[in-house]
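One letter stands for each residue in the lines below.
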Amino acid sequence: MIGRGAFLMSAGSRSTFRRVAFASVIAGGLTLGHSTDVAHADITPITLGNSVMSTLGGCLFPDVPAIIWCTQQEVLTEHAPLMLDLNPVGTVIVVLGAGLYDDGTIQPVLRERLDAALALAQRYPASQIIASGGVPRSGITEARAMRTWLIANGVAPERIVEENTSTSTVENARNTAAILAERGAQGAVVVSSPNHVERALIDFRKAISGRFPVSGVVSAG
């Protein structure tokens, strides 16, 4: 386990660490491109750096200060993370719910999250999807509303699992972590709003205790 002191770096040390991390993952990304002859992910300095942080940079350690520090070093982006190229079958797309209208229909903020999740689902058809969210309105949970929307927009029903009991981000993470464990997931990509993804990543990384990498994708809104 990594202790608190290991991550009390100076600004210069952090900068050096990130330059080394970028160089390492760039080499890996280039190798991946040549070996698979396929490059779906958006390979940019930001996505490459985020990939290193989610695997080597401390986000995989079951240590809360390390997880928080690591997550705060990432640059949130709408781009697909490289882990979906490396392991699309073992990586699960997790889209987080948001409050529904009283009649159970989807509000704009959730539609934006679903648009981002749909783009990933179309790009990576081998990846499963978890729709996470409870808080029913008119008998419809956030998870059910999300699943219905995704199916209506062309996602195969068998790809989608509902996590329909959570009422907070912490519960999203804990309840989804149990599903990921049951299914033998090897990675997860959490999709949510720009002002929510960082907090969600911290909660999810804590919930899975460093068992596998977790990346984030922000919606447009």
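Preceding block: the structure.
All figures in this text were calculated on a predicted structure; none of them were measured in a lab.

A.B. asks: How should I be thinking about the sheet that holds strand E3 (residues 160-163) in this particular structure?
C.D. replies: Across the sheet, which stays open at both edges, the five strands sit in the order E3-E2-E1-E4-E5 with parallel pairing between neighbours. Since the sheet does not close on itself, it has two edges, and those belong to E3 and strand E5 (214-218), each with one partner. Going from strand to strand, the sheet's axes swing by 25° on average, the running direction of each strand aside. Summarising the sheet, strand E4 (residues 187-192) and E5 pair through five bridges and their orientation is parallel. Across the sheet, the residue bridging to Ala 188 is Val 214, located in E5. Together, strand E1 (91-96), strand E2 (129-132) and E3 form the strand contacts of helix H6 (residues 142-152), whose direction differs from that of E3 by roughly 165°.

A.B. asks: Quick question: what am I supposed to make of the packing of helix H7 (residues 169-182) against helix H8 (residues 197-208) here?
C.D. replies: When two helices pack together, their arrangement is given by the angle between their axes and by how far apart the axes lie. It is at 8 Å that the axes of H7 and H8 come closest, and there the two elements cross at 40°. You can see that H7 and H8 cross each other, and the crossing is right-handed. In this structure, H7 contributes Thr 169, Val 170, Asn 172, Ala 173, Arg 174, Thr 176 and Ala 177 to the contact, and H8 contributes Arg 199, Ala 200, Asp 203, Phe 204, Ala 207 and Ile 208. Grouping the constituent residues of the contact of H7 with H8 by class yields seven nonpolar, three polar and three charged.

A.B. asks: What's the story with empty space enclosed by the protein in this structure? I'm lost.
C.D. replies: The method is simple in principle: a probe with the dimensions of a water molecule rolls over the atoms, and the space it marks as empty is what remains. Counted by the stated rule, this structure contains two cavities of 30 Å³ or more. Computed from the structure, the largest cavity encloses a volume of approximately 100 Å³. As for the largest cavity, its lining consists of Thr 47, Asn 50, Ser 51, Glu 74, Val 75, Leu 76, Thr 77, His 79, Pro 81, Leu 201, Ser 215 and Gly 216. Among the elements of the structure, helix H2 (45-55) and E5 are those that each provide at least two residues to the lining of the largest cavity. Looking at the lining of the largest cavity, the element that brings in the most residues is H2, giving three residues. Broken down by class, the residue content of the lining of the largest cavity amounts to four nonpolar, seven polar and one charged.

A.B. asks: What is the right way to look at unusual backbone geometry in this model?
C.D. replies: Outside of glycine, negative phi angles account for most residues, and trans bonds account for most peptide bonds. Unlike most non-glycine residues, Val 135 shows phi in positive territory, near 50°. Within the secondary structure, Val 135 is located in the loop between E2 and H6. With relative accessibility at 29%, the residue Val 135 sits in the partly exposed group. Positive phi outside glycine occurs at Ser 209, with the angle close to 50°. Tracing the backbone through its elements, the reader meets Ser 209 in the loop between H8 and E5.

A.B. asks: What am I meant to see in the side chain of Ser 192 here?
C.D. replies: Inspection of the secondary structure puts Ser 192 in strand E4. Residue classification places Ser 192 among the buried residues on the basis of a relative accessible area of 0%. A distance of 2.5 Å separates a polar atom in the side chain of Ser 192 from a polar atom in the side chain of His 196.

A.B. asks: Help me understand the environment of Ala 143, please; the structure alone is not making it clear to me.
C.D. replies: Structurally, Ala 143 can be placed in helix H6. For the pair formed by Ala 143 and Ala 98, sequence separation is 45 residues and the distance between their alpha carbons is 9.4 Å. Setting aside its immediate chain neighbours within four residues, Ala 143 contacts Ala 131, Gly 133, Glu 162, Glu 163 and Asn 164.

A.B. asks: Mind showing me how you'd approach the state of the cysteines here?
C.D. replies: Two cysteines form a disulfide when their sulfur atoms are joined by a covalent bond. What the rule picks out here adds up to one disulfide. One disulfide in the model links Cys 59 with Cys 70; its S-S distance is 1.9 Å. The sign of the -100° torsion about the S-S bond sets the Cys 59-Cys 70 disulfide as left-handed. Here Cys 59, found in the loop between H2 and helix H3 (64-73), pairs with Cys 70, found in helix H3; they are eleven residues apart in sequence, far enough to count as distant. Just as Cys 59 is buried, Cys 70 falls in that class too.

How each quantity is defined
Residues numbered from 1 in each chain as written. Predicted model: local features only at pLDDT ≥ 70, side-chain atom pairs only at ≥ 80, totals over all residues. Heavy atoms only, no water. Pairing = 2+ DSSP bridges. Helix = DSSP H or I, 4+ residues; strand = E, 2+ residues; numbered from the N terminus. Axes fitted to C-alpha atoms, helices over the stretch in contact; angles between N-to-C directions. Contact = heavy atoms within 4.5 Å. Left-handed = near helix turned anticlockwise from the far one by under 90°. Nonpolar A, V, L, I, M, F, W, Y, C, P; charged D, E, K, R; others polar. 1 Å grid on protein atoms, 1.4 Å probe; cavity = no way out; pocket = protein on both sides within 12 Å on 5 of 7 lines; lining within 4 Å. Points joined across faces, edges and corners; volume = space filled by probe spheres on them. Buried < 20%, exposed > 50% of the residue type's maximum accessible area, 1.4 Å probe, protein only. Polar contact = N/O pair within 3.5 Å; in protein donor to acceptor, adjacent residues only side chain to side chain. Disulfide = S-S within 2.5 Å.

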